[in-house]
Every structure is written in structure tokens, then in C-alpha cells.
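So you can see what is in the structure, the chains are spelled out below.
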Amino acid sequence: MSRVVVVGGGPAGMAAAEAAASRGVEVVLIDAAPKLGGQYHRQDGLSSEDRLAPSAAHADRRWTSPENVEHVPDASAWAVEAVDGGHRVHVRVGLADDPSREGRVFATRALVLATGAYDRALPFPGWDLPGVFTAGAAQALAKGQGVAVGDRVVVGGTGPFLLPVASSLVGVGARVVEVAEANAAVTGWLSRPTGAMAGWSKAGELARYAGVLARHGVPYRSRTAVLAAHGAESVESVTVARLDRDWSPVPGTERRVEADAVAVGFGFTPQLELALAARCRLEDGFVAVDAAQGTSVDGVFAAGELTGIGGADLAAAEGAVAGFAAAKRLGAVVEAPLRAMSRVRAGRRFARALAAAYPVRSGWQDWLRDDTVVCRCEEVAKRALYRAVDERDVGAAGPLKLVSGAGLGLCQGRICGRNAAELAGLDDPAAFAKRPIAVPLRLSELAEESRAEAPVDAEAAARPFGIDR
Amino acid sequence: MRVTWDGREVEARPGQTVAGVLIANGVRSWRTTRAEGRPRGLFCGIGVCFDCLVRVNGVPDVRACQRLVADGDDIRPQRGAELPS
Amino acid sequence: MGRIESADVVVVGAGIIGAACAEALSAAGLRVLVLDRGAPAAATTASGEGNVLVSDKGPGPELDLAVASRRRWPDLIDSLREELGDELARVEWEPKGGLMVATEPEAVGPLAALTRAQRAAGIEAVDLDAAAARDMEPHLTERVEAAAHYPEDAQLQPVLAAMALLAAVRARGGEVRGGVEAHGVVYDPGGAVCGVRVDGDAIPCGAVVNACGPWAGHLSVAAGAPVEVLPRRGMVLVTAPLPPVVRRKVYAADYVAAVASGAVDLQVSPVVESTATGTVLIGSSRRRVGFDDALEVEVLQRLARSAIALFPVLSGVPVMRAYGGFRPYTPDHLPVIGEDPRTPGLWHATGHEGAGIGLAPATGRLLADLMCGREPELDAMPFRVDRPAVIVGSAVER
């Protein structure tokens, strides 16, 4: 069918929809949230209006949905199927996880996947207590719902994202007790950006967050991590300690800190389900793309955090490139988007520098005790993973799951997969990522007859109809 | 907007998620795990961890962080694995 | 433990069948090396539901093999427990029984005929009316016409089972090597097997067992002795963990017909059962699509509908996963177990389609008996390699 289908309404998906629409192509923009923006431009869910921050692609104005973009909100894309000449995206639309949702199927010859990423959380003793959140949860709740995850919050993890999270928490009235950065301080290069960080457009934004924290007297400590959370029914205090270069705790540096909440984030994990269902090739755990954001599969493009963690600006630039390429595939007249492509190149340089500055070091494995839960859903402890490897010589993700139980619960290894794979010595970061049903649906929803839809019409779609503006 | 939490009426506003309502009302945990009966609540906040499961209008396994409240919702804790009623 | 430089037998394929053959051969005192191009128990075995069934077959050689195997499993698990300890021998063995359900009046007669024939063959098959069936499975649909209860049907966890068998092989001085692909077989000037070819190397051995499951055809071609084993794809749906709703393995009476069919087209017949972790597995589909592993929404839809028809209570539960696997299919639906007459020293143990978990121990024992010149417990003739449905021409020129 001659329209571009974009999955994901964050910076990458919005830019892709806008770019394709600007070439006169019909676009369907599918997003799980009620409002566009994704995790980055997290909108205030309580406000009746759309208040999107200016998109990076067009810093001079707010993003409004172009006329030829059909935005489908509250839409869970649960499967992608290859069909002759294209792909079919199966979607449930309506209240989250409700059996009353309506099924829709979108066929397309040009599919743009912009499904984003979620926080990586590393396990530590007590991390399954209520009151331990991911940094993304603290951010989503503060920005989207206007609530703080706690009164006294410790923010921990690694990377510049911890700063806006801490700043949002302060904004909704929480006291941020401290920010624990496991690597070197962000503020180091923030005050005097050099090398690859020089000229990074986000530096100013981060400096503002750092300013907010400084004004509120929030201590920011490098080479420090939350090693344990304590409490009976929920978090009452945490243990914080200094780390060495490999992230092993430095003995004697442990401190008990009173807190009722912890927000942790150790970088991000891409949401690969739909890309893997479409059989896109991965490289180092991310979707491999060419200069036009094309994946290894004809007619499937990927943009944003799926292709590498690089933040909203890079995501929007990749989205624009993908949107133009998708429109071109449908026959629109499109010139190479040179400016967006150069923004992509610059963005990737920063992304590489960021990844190098904020790696996850293997010493985190020392934070775990034998009985520390690794898989939260099935409550599988580290011990069970080690035994699977030591006693049964498990060498692949499938058997590891079936022998240890890790990754068999409702989250299907989204949270524990990378951690379990590392603990078991499997070197594929995406070992657990294959989930043909990309998000659970009710059996009755699955049983429903799908609403018939015209097949992908390759011939019609190949006719050029682009309107060059 | 009125919804009930475990049979008790609580204040809610359009656009709030179930998790937003519960946390704003001081509820931090609304589920127990199937194997060990441990308390759980919100964790990832963006729909990927399935830790914040809650029962809404008789249907279990609803992600509280993703579900928007609707007037009259009957929201209840979920204990382990449950069947829809 | 040092790496084995040569072996009496090299078993190619570390799935449940390869593991069972290797276990039986090592129990007979042979030095066994098991190779797998991937990780052990990571392909067909990891996709199975762990069925150990006597109910889904009509009288004939496969049922005989199934009965022998069903009797062998508990003894084998006991002996593994003695040899390896409780943890390594843990296979989640559950003799839960099976329930075959007729939901259409026209299925009642054929079901009764099947159970009659099965009883004559020594299977415990109890005919039930609708009320008795619903007593056994309270959540079963009210549309039950009749049912049959098979107390001998059992389930185990196939990956754990394969790993327990492989652990026994190791404990007896054998070796299991993952990530090593067998590219072919080496023959001596007399035409007998003398080794197996791996990357740039050959491992000397006296015999090779082709236990490559759906990929057994590939190795047989590489070894110059092609056999007809084809992949037949199956998909399984997995629900969220649930409270106990399904006690036994419950399936529709048309399941036996679907299993026995050779159709290329999609066959869907409901099989519903719970697992130790509380999830409910929903099968089964059959389609011959080569090694294409793409998700087919139509298949999932039909599985979902057929499961709801058996257990309406499942309608509102979340489905969190779908997975597919390839069953090794032979055109006459019988496994291939024995030495290839074209190439002395090359043995095949494959073609068990969806029943490999259940049939594994008797297969391993039969193969070991034949290889060691012992009188087999079962008639091996029906499973021989040189039968018209299986053997593809004569040995190709080497």
C-alpha cells in the first residue's frame, strides 16, 4: 500500500513522519502512548493540550502533525509480518492491556521502525523492593504525571541522562539526596567541553540541569554507585560506595544513606522486537543501517535509539533521513537530505564519544550476592545462572532460559536479558531480544479475525506521485 | 473523576495513569510476586518490565504505568498470577 | 578433562535424540563424542513441549516404540539421579496424564474406535462421558461430547532432559562439543566409516550417528548417503503465568489425524497444557515451509481460537510469546533408526517428528543394541534406513 508506516512517536518517528509527509506521501504514525513525543519529549499527561517541545529538526517551531499524517495513538504494534512486496504491522488500539482494544493491520512497502530504547537497570541486592525505579520511570512520572517517586531520592547509574532525571525530581518537589555516577563526572567535560564533546548541542542543556542541582545543593559523586537497597516492604535506606575503574566496590567506602526511593539507569537497551521480527540484521546489539537508514531488509528503515544510543537530536536527524528514504521508495521525488545526513554523522561521533565515556564495566557483577534476584519476573537468583553454566554447560540463550528460568516471565527478558547473558558469559547482547510477539495481547484479541486490508500493491506504489515542494 | 482502589474511592484526573494515581495516593506497592509473594510496584515506568501489574475492572495483568484511568475504574491489587473474572 | 582425539562413536547433534543415543552408547562402554554445530539442546529440543505420550498414536511400530520409551523414562531418570545427583538429573518429570476431547458429535465414534484399538495394543485408555471429563478438567468447555483419559501420558522439560543425558555421557568419559559442525564423514578404502570431518580436520572414529533432527537430511547428503528427512514447522503460543487451570495435557480428538497427516498445508489442532512455571502452552500447528522461521499471524490466530474453544477461560489471559520449531519429518511418519546399508558405520537416528522427546530413550537403546550386536527389545525392521519412503537413491559417488 502506498503509504509510509512509522512505528514509534518519539523524536525519530516524528521526524520520519514529517519528512515523508513533506514529500507528499501519506503517513501512518503508530505510537503506544496517548500523546506524541516518546520518552524524550515526555508530555504532561494531565494537560489537555499537546505541548511538544520544539523538535530538533525544526528548532524554530512546535511540532504539529502534518495533514497527511494519520497519528494512531494508544496503539501497540505487536507483530510485523513479511508479505509479498512489503510488511504488515499488526496493532491493537485502545486502553493499554485491555481486552476491548480494536485490531488494525497496516500494510506498507516502506516501514520505518523508531521503537526507541529503555533504561538498562543493573541488579543489586534489594533492587526488587518497591521504591527502586529506573531513572526513566522517575522521569516519566515526574514529567508525565507530575508526581515524585519519593521524598528522598538517590539517583544512580551512569551517563548524562541522570542529570535531567535528578532535575525533574527536584522540579516535582523531591529531595534528591545524591547523584551517584559510576564513571567519571559528566560535569568534568561539561564545564570545559573538549575533544569529541566540544560543540555538542546538548552541553548547554546539561549545564542548565547541573545548575539546578547545584542550586538545590544536590551532591554529584563520580565513581560511586548504589550497591544495595534496604527495607522491609519498601526502600528505607541504601548503601552507596566508591567504585574502582572496573566498578568493583572499594572496600571501606560503603555509606548508609536514608532514602525512600532510588532511581537507577545504566544506559539504554534498544527495543528490537519488531526489527528482529522483520529480520533486520544487528551489529553489536543494534540494528545495522546504511546511509539512508535502510536496514538489511528491503523496505524497512530504522531510526533513533534502535540503531545506537545517541539522544534526541541524532534520533530526529536519523528519522528525517529515514522518512525521506521511505517516501522515495514509494516513488516520491526526493533529493538526498544532505543536511540531515550531516547531522547524523555529527550525532554519531558524539554518540561514540558518549558510549566510550559511559560504559558499563564488568565489576557490577561483584555487587550481587548468590541470592540476588537477576530475573525479577520469575525471581531467579544469580546462583541459578551460574549453576546452569557450571553444571550443565549451557551455551545459548534458549537453553539458559529453560534451565535457569530467567527471562521466562511476562517481560520476556527485557529487563534481565542483557544482565543474564553477561553473567552466563554469552557475548551476544541481543541474545534474549527475539520476541515475535512484540508486546503481550489477550488470547481473545489474538483470536479475533483481523480486519481485512488491501494487500501491498507493489505496482501502484511504484508509480511516482511525489509532489516536490 | 472517581475511581476505586481496593474498594476505597480515590481522586483521579483525566490523563493520569493508574500508577500515577496510586503513587499520588501514597501507594507504592500493589502486586505480589507469584513465586515468593514479594511486594512490587512501579519499576520501569514505560511499559517494558511488567512489574506494575494491577487488576482493573476484573482484568489482571494490566500495566499500571501504561493504563490511563477512566471514570469508575475498579482498581485492585494483584496477588501472584490471577485469572480474569 | 582433556579433549577426546578419537572416539568409538561420534554422535552428530546434541538434541534429545543425539543425547539419548550417546547416553545409551556410553552405557554400553563405548567412548562417545557428541558434536553440535550450535549449543546443545538449543534447536528442536528447546522448542518442544516435552511430550512423553502414548495417546497420540494408533497401533503400530511407532506406538510400540512409544510404549517402550514411556516405560524407560522413569527408570532412566532414576539411574541418572543415582549417577549424577538430584540437581543434574532434575528433568521436571510429571506423569500428569492426557485427556483427548471430542467436541463434535461426529468425533465421538472415531475416538471410541481409537481407544478400543489402543487398549488392544496394551495402552491404558479410559472412555469418559462429558461430566467425567469436566470433573477431571473443571475449566473445560461445556461443549464436550466425549473424552478419553490416558493416565500414562507424561511430560518433562526437554532441555533439562537432554542436558542430564549429556552430563551422564561426560561422567562416563565421553565429551560434548558445541559450536562444531560436522561437514561430512570420512571413509576408509573399504568404504567403511573411519572419521568425521570438522573444520579443516577429521576426528577418527569407528562409527557416526546422524542425529541432526530436521537437518539430518543435510548431513546425510554430505555423508554421501541421502535420507529423506524434511522440516515440518510448528508454532506454540505461551500465555502469561496463570494459576492452575489446565491439569493434564488436553487435546482435541482431531489431533491424531493432524499428526498422521502428511499435508504440506497448515494443520492446526489444539493441544493445551500447563508448565511448571504456570504458563500454558498452546499448540499445535504443522506446516511444511522448509526452514522458514517467519512469524505467521494466521497460524497464531488459529491456535488462539482453537485453545479458547477447548478452554473458554483462557480467552482473557495474556499471550506473551510465540515460538516456532522444526520437526524432523519422514514421508511415512516413522523414525529412521539404524545403520545405513550403503555406508557401513554411518547410522541414522532421526525422523521422530514431534515425538522425539517421548521416543528418545527407546531410540537410544535400540540404536545401541543394534550397534553392539545385542538382541533388541523391539523389532527394528520398521525403522530401518533402506525403506522406500526414506532412502533417496543409492549411495552417491564419493
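Residues numbered from 1 in each chain as written. Chains lettered and ligands numbered in written order. Predicted model: local features only at pLDDT ≥ 70, side-chain atom pairs only at ≥ 80, totals over all residues. Heavy atoms only, no water.

(A) Representation of the interface of chain A and chain B within the structure. Taken together, the contacts link 46 residues of chain A with 36 residues of chain B. Carbon and sulfur atoms supply 56% of the area buried between chain A and chain B, which totals about 3,500 Å² over both sides. The tally of links between chain A and chain B comes to six salt bridges. Remark: the boundary between chain A and chain B carries 19 residue pairs in polar contact (both at pLDDT 80 or more). Elements represented by at least two residues in the side of chain A that touches chain B include exactly β8 (117–119), β9 (132–134) and α2 (135–145) of chain A. Among the residues making up the side of chain A that touches chain B, the classes are represented as 26 nonpolar, nine polar and eleven charged. (Contact = heavy atoms within 4.5 Å. Buried area = accessible area lost by both parts, 1.4 Å probe. Salt bridge = Lys/Arg side-chain N within 4 Å of Asp/Glu carboxyl O. Polar contact = N/O pair within 3.5 Å; in protein donor to acceptor, adjacent residues only side chain to side chain. Helix = DSSP H or I, 4+ residues; strand = E, 2+ residues; numbered from the N terminus. Nonpolar A, V, L, I, M, F, W, Y, C, P; charged D, E, K, R; others polar.)

(B) Main features of the interface of chain C and chain A. Contact residues are listed per partner, giving 40 residues for chain C and 36 residues for chain A. For Arg392 of chain A, the salt bridge is made with Glu87 of chain C, and the minimal N-O distance between the two is 3.2 Å. Among the secondary structure elements, those contributing two or more residues to the side of chain C that touches chain A are α6 (158–171), α9 (297–310) and β16 (318–329) of chain C. With eight residues, α9 of chain C is the largest single contributor of residues to the side of chain C that touches chain A. In the side of chain C that touches chain A, the residues fall into 26 nonpolar, five polar and nine charged. Two strands pair when backbone bridges link them, and strand β23 (residues 441–442) of chain A and β16 of chain C are joined in this way by two bridges, in the antiparallel orientation. Opposite Leu441 of chain A, over in β16 of chain C, you have Val319 of chain C as the bridge partner. (Pairing = 2+ DSSP bridges.)

(C) How the structure looks around unusual backbone geometry. Residue and element names in this part refer to chain C. Cis geometry is found at the peptide bond from Gly283 to Ser284, where omega equals -10°. One non-glycine residue, Glu92, adopts positive backbone phi at about 55°. Along the chain, Glu92 falls in the loop between α3 (61–84) and β4 (98–102). Given the relative accessible area of 34%, Glu92 is considered partly exposed. The phi dihedral of His333 is positive, around 60°, even though this residue is not glycine. For His333, the location among the structural elements is in the loop between β16 and β17 (336–339). (Buried < 20%, exposed > 50% of the residue type's maximum accessible area, 1.4 Å probe, protein only.)

(D) Representation of the pairing of strand β1 (residues 3–7) of chain A within the structure. All names here are of chain A. Along β1, five of the five residues are buried, which leaves the element largely enclosed by surrounding structure. Where burial is concerned, the two faces of β1 agree: the one with Arg3, Val5 and Val7 and the one with Val4 and Val6 are both buried. One ladder, built from five bridges, connects β1 with strand β2 (residues 26–30); its direction is parallel. By the bridge assignment for β2, Arg3 is matched with Glu26. Where the polypeptide runs from β1 across helix α1 (residues 11–22) and back to β2, its parallel neighbour, the crossover connection is right-handed. Bridge analysis of β1 against strand β7 (residues 110–113) gives four bridges, and the strand direction is parallel. Each residue of the ladder has a partner; that of Val7, found in β7, is Leu113. (Right-handed = clockwise from strand over helix to strand, strands pointing away.)

(E) Spotlight on the environment of Asp119 of chain A. Residue and element names in this part refer to chain A. Mapping Asp119 onto the fold places it in strand β8. Asp119 sits in the buried class, given a relative accessible area of 5%. Taking C-alpha positions, Asp119 is 19 Å from Gly150, a pair spaced 31 residues apart along the chain. Aside from chain neighbours lying at most four places away, what touches Asp119 is Thr134, Ala135, Gly136, Phe161, Gly265, Gly267 and Phe268. There is a polar contact of 3.1 Å between the side chain of Asp119 and the backbone nitrogen of Gly136.

(F) Looking closely at the domain arrangement of chain C. All names here are of chain C. On domain assignment, one finds that chain C holds domain 1 (7–75 + 158–229 + 333–383) and domain 2 (98–151 + 231–329). Put simply, the middle of domain 1 and the middle of domain 2, counted by C-alpha atoms, are 28 Å apart. On the domain 2 side, the residues contacting the 27 residues of domain 1 number 32 residues. When domain 1 packs against domain 2, close to 2,200 Å² is buried across both sides, 60% of that on carbon and sulfur atoms. In terms of surface lost to domain 2, no three residues of domain 1 exceed Glu49, Ser55 and Glu353, which account for 29% of the buried area on that side. In this assembly, domain 1 and domain 2 are joined by one salt bridge. Taken together, domain 1 and domain 2 are joined by eight residue pairs in polar contact (both at pLDDT 80 or more). When residues of the side of domain 1 that touches domain 2 are traced back to their parent elements, those giving at least two are α2 (44–47) and α3. No other element matches the three residues that α3 contributes to the side of domain 1 that touches domain 2. Residue composition of the side of domain 1 that touches domain 2, by class: eight nonpolar, 13 polar and six charged. (Domains from an automatic or database assignment.)

(G) Region of interest: the packing of helix α9 (residues 382–392) of chain A against helix α10 (residues 397–404) of chain A. All names here are of chain A. α10 packs onto α9 with a crossing angle of 115° between their chain directions and a minimal axis gap of 9 Å. Of the two possible hands of crossing, α9 and α10 adopt the one that is right-handed. From α9, Ala384, Leu385, Ala388 and Arg392 reach across to α10, where they touch Leu400, Val403 and Ser404. Looking at the contact of α9 with α10 residue by residue, the classes come out as five nonpolar, one polar and one charged. (Axes fitted to C-alpha atoms, helices over the stretch in contact; angles between N-to-C directions. Left-handed = near helix turned anticlockwise from the far one by under 90°.)

(H) Seen up close, the pattern of salt bridges. Per the stated rule, a full pass over the model turns up 57 salt bridges over all chains. Of the charged contacts in the structure, one is a salt bridge between Glu377 of chain C and Arg365 of chain C, with a shortest N-O distance of 3.8 Å. Remark: Arg365 of chain C occurs in helix α10 (residues 356–372) and Glu377 of chain C occurs in the segment after α10; sequence separation between them is twelve residues. The class of Glu377 of chain C is exposed, set by a relative accessible area of 57%. Put simply, Asp128 and Arg376 of chain A together with Arg31, Arg38, Arg40 and Asp51 of chain B are held in one network by salt bridges that share partners.

(I) Molecular detail of the environment of Ile391 of chain C. Residues and elements named next belong to chain C. Locating Ile391 in the fold gives a position in the segment after α10. According to the relative accessible area criterion, Ile391 is partly exposed, its value standing at 22%. Separated by 255 residues in the primary sequence, Ile391 and Met136 have C-alpha atoms spaced 45 Å apart. Those residues in contact with Ile391 that sit more than four places away from it in its chain are Pro226, Arg342, Val385 and Asp386.

(J) Representation of the sheet that holds strand β14 (residues 237–242) of chain A. Residues and elements named next belong to chain A. As summarised here, the arrangement of the three strands in space is β13-β14-β15, forming an open sheet in which the pairing is antiparallel. The open sheet terminates on both sides in strands that have one partner only, identified here as β13 (224–230) and β15 (255–258). The mean angle between the axes of side-by-side strands here comes to 35°, regardless of whether they run parallel or antiparallel.

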